[in-house]
Amino acid sequence: MHEPLIGVLALQGAFEEHQKCLEAVGCRTRQVRVPEDLKDLDGIVLPGGESTAMGLIGTATKTSEGETMWECLQKFSKNKPTWGTCAGMILLAEKCIGTSAVIEDGQSLIGGVDICVCRNYFGSQISSFEMATPPPPGISGSHDYPGVFIRAPAILSAGPSVEVLGTVSATPCRHAAVTLQELEKKVMAGENVVKMSVVDALERKSSQEVDYIVVVKPSAENAEEKKESDETRPSIVLPGAADGTNAREVICAARKGHLLCTAFHPELTEDKRWHEYFVQMVKQATL
């Protein structure tokens, strides 16, 4: 097969780093800034950066026919492999919380993956860190992958069509914790939340002490109690906080068919396994 041509969205963010990684594993690359740059691509990477800025630029960039860059990316991602990393993962989500409170409509989403994402789950820029994460499946090397998290989002829940490729146990930052508490109230009230802006947490304790609603699954011995419980309250699809802490299991990597999402920045490590995995997806799609 010829070397696949993979685009990297270059509106903002770490696009050059992705290009270098893709070229290192045998791909041709192209920076994508306008809809015309999507022509003849075999796949595209939506990089890390600032998702709100990308959304503002993407919806303002139009073809001569008036079609926005976002609309063109939606069409492209329906048919060809698309990988969103960090901010790019937010863009591919169907639901997003923690969106900007000062931007109209909060966050422009491309969508396509049935996941609920929390922006800045792990904290601000100064809270950036590296932690071990599961490696991509089917790629040589079974050791943990060095996940670099920079103002990173987390996937809170995924639909049945989504394959979970990796999870981590992590405590949300203070602002995210308060926003999650508000989200859970809305879920308990039966609301279908698609977008929700960040909730002010300035008055909250710096220790991140937040009371979470935890739904405990009844044991087999009290099945009757479970039946009564199911009839009186809706189920919560979000991961519940562990007793006594705010730590919860969140998804850091997921896939839906030809769409791939990772919460971390694979382009900022020397480990090319996730880029190899995506290139494998692209090659399989072109067979």
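Values in this document were obtained by computation on a predicted structure and should not be read as measured data.

Visitor: Even after reading the chapter, I still don't get the pattern of salt bridges, so can you show me in this structure?
Guide: When the charged atoms of two side chains with opposite charge come close together, those side chains can pair. Under the counting rule described, the total for this entry stands at six salt bridges. Lysine 75 is the salt-bridge partner of glutamate 67, the closest N and O atoms lying 2.5 Å from each other. Its relative accessible area of 23% is what places glutamate 67 among the partly exposed residues. If you follow the salt bridges from partner to partner, you end up with Glu50, Arg119 and Arg151 in one network.

Visitor: Looking at this structure, how should I read the state of the cysteines?
Guide: In protein chemistry, a disulfide is the covalent bond that joins the sulfur atoms of two cysteines. Applying the stated criterion across every chain yields a total of zero disulfides. Looking at cysteine 173, it has no disulfide partner, and the nearest cysteine sulfur is the one in cysteine 118, 7.1 Å off.

Visitor: Please explain the environment of cysteine 96 as it appears in this structure.
Guide: Turning to its location among the elements, cysteine 96 is positioned in strand β5 (residues 93–99). On the accessibility criterion, cysteine 96 (0% relative accessible area) is buried. Beyond its immediate stretch of four places on either side in the chain, cysteine 96 contacts Ile90, Gln107, Leu109, Val117, Arg119, Val194, Lys195 and Met196.

Visitor: How should the environment of proline 81 be read in this particular structure?
Guide: Locating proline 81 in the fold gives a position in the loop between α3 (69–79) and β4 (82–85). A sequence separation of 202 residues divides proline 81 from lysine 283, and the C-alpha atoms of the two residues are 9.4 Å apart. With near-sequence residues (within four places) excluded, proline 81 lies in contact with Asp42, Gly43, Ile44, Phe76, His258, Phe278, Met281, Val282 and Ala285.

Visitor: I would appreciate a short explanation of the environment of histidine 275 in the present structure.
Guide: Mapped onto the elements, histidine 275 comes out in helix α7 (residues 273–285). Histidine 275 gets classed as buried once you look at its relative accessible area, which sits at 0%. Ignoring any residue separated from it by four or fewer positions in sequence, one finds histidine 275 in contact with His18, Cys21, Leu22, Val25, Trp83, Pro266 and Glu267. A polar contact of 3.0 Å, which involves the side chain of histidine 275, links it to the side chain of histidine 18.

Visitor: Could you clarify how one ought to interpret the confidence of the model for the chain in this entry?
Guide: Low pLDDT marks regions whose predicted coordinates should not be analysed in detail. Predicted confidence across the chain gives a mean pLDDT of 82, with 80% of residues reaching 70 or more. Every residue in residues 201–223 scores below 50 in pLDDT, and together they form 38 contacts with partners more than four places removed in sequence or on other chains. Of the regions scoring below 50 in pLDDT, residues 225–242 engages in 25 contacts with residues more than four places distant in sequence or in other chains.

Visitor: What is the right way to look at the nonpolar core in this model?
Guide: Nonpolar side chains in soluble globular proteins tend to be buried together. Grouped together as the largest cluster of nonpolar side chains are 74 residues, with contacts concentrated most on Ile97, Ile115, Tyr121, Phe122, Leu156 and Trp274. Here this core gets six residues from one element, more than from any other, and that element is α7. Non-local contacts of tyrosine 121, meaning those with residues more than four positions away in its chain, are made with Ala152, Pro153, Ala154, Leu156, Ala170, Thr171, Pro172, Cys173, Ala176, Leu180, Arg248 and Val250.

Visitor: Please clarify how the packing of aromatic side chains should be interpreted in this entry.
Guide: Where two aromatic rings form a pair, the distance of their centres and the angle of their planes describe that pair. As enumerated under the stated definition, the model contains nine aromatic pairs in all. Plain terms: the ring middles of phenylalanine 122 and phenylalanine 149 are 4.9 Å apart, the flat faces sit at 55° to each other, and that makes the pair tilted. With phenylalanine 122 in the loop between β6 (113–118) and β7 (129–133) and phenylalanine 149 in strand β8 (residues 145–149), the pair connects residues that are 27 residues apart, well separated along the chain. The exposure classification of phenylalanine 122 matches that of phenylalanine 149, with both residues buried. Arranged with centres 5.1 Å apart and planes meeting at 5°, the rings of phenylalanine 129 and phenylalanine 149 form a pair that is stacked. Residue phenylalanine 129 is found in strand β7, and its partner phenylalanine 149 is found in strand β8; the two are separated by 20 residues along the sequence.

Visitor: Quick question: what am I supposed to make of the side chain of threonine 29 here?
Guide: Mapped onto the elements, threonine 29 comes out in strand β2 (residues 28–32). Within polar-contact distance, the side chain of threonine 29 engages the side chain of glutamine 19 at 3.0 Å. Among the polar contacts made by the side chain of threonine 29, one reaches the side chain of glutamate 23 at a distance of 2.6 Å.

Visitor: Help me out: how do you make sense of the pairing of β4 in this one?
Guide: Remember that side chains alternate between the two faces of the sheet whenever the strand is regular. Residues Thr82 and Gly84 line one face of β4 and the alternating positions Trp83 and Thr85 line the opposite face, and both faces are buried. Bridge analysis of strand β3 (residues 43–46) against β4 gives three bridges, and the strand direction is parallel. For valine 45, the partnering residue across the bridge sits in β4 and is tryptophan 83. Alignment of β4 against strand β13 (residues 259–262), held across four bridges, turns out to be parallel. Opposite glycine 84, over in β13, you have cysteine 261 as the bridge partner.

Visitor: Can you walk me through helix α5 (residues 174–188) in this structure?
Guide: Note that an α-helix has 3.6 residues per turn; residues three or four places apart therefore point the same way. Helix length check: α5, at 15 residues, gives a terminal C-alpha distance of 21 Å against a target of 21 Å (1.5 Å per residue), a fit within 8%. Taken as a whole, α5 has its buried residues at Ala176, Ala177, Val178, Thr179, Leu180, Gln181, Leu183, Glu184 and Val187. Against β5, β6, β9 (154–158), β11 (195–197) and β12 (248–256) lie the buried residues of α5. Glycine 190 sits one or two residues past α5 and shows a positive phi near 90°.

Cut-off values and rules
- Residues numbered from 1 in each chain as written.
- Predicted model: local features only at pLDDT ≥ 70, side-chain atom pairs only at ≥ 80, totals over all residues.
- Heavy atoms only, no water.
- Salt bridge = Lys/Arg side-chain N within 4 Å of Asp/Glu carboxyl O.
- Buried < 20%, exposed > 50% of the residue type's maximum accessible area, 1.4 Å probe, protein only.
- Disulfide = S-S within 2.5 Å.
- Helix = DSSP H or I, 4+ residues; strand = E, 2+ residues; numbered from the N terminus.
- Contact = heavy atoms within 4.5 Å.
- Polar contact = N/O pair within 3.5 Å; in protein donor to acceptor, adjacent residues only side chain to side chain.
- pLDDT = per-residue confidence, 0-100.
- Core = buried A, V, L, I, M, F, W, Y, C linked by side-chain atoms within 4.5 Å.
- Phe/Tyr/Trp six-rings, centres within 6.5 Å; stacked < 30°, edge-to-face > 60°.
- Pairing = 2+ DSSP bridges.
- Expected span 1.5 Å × (residues − 1).

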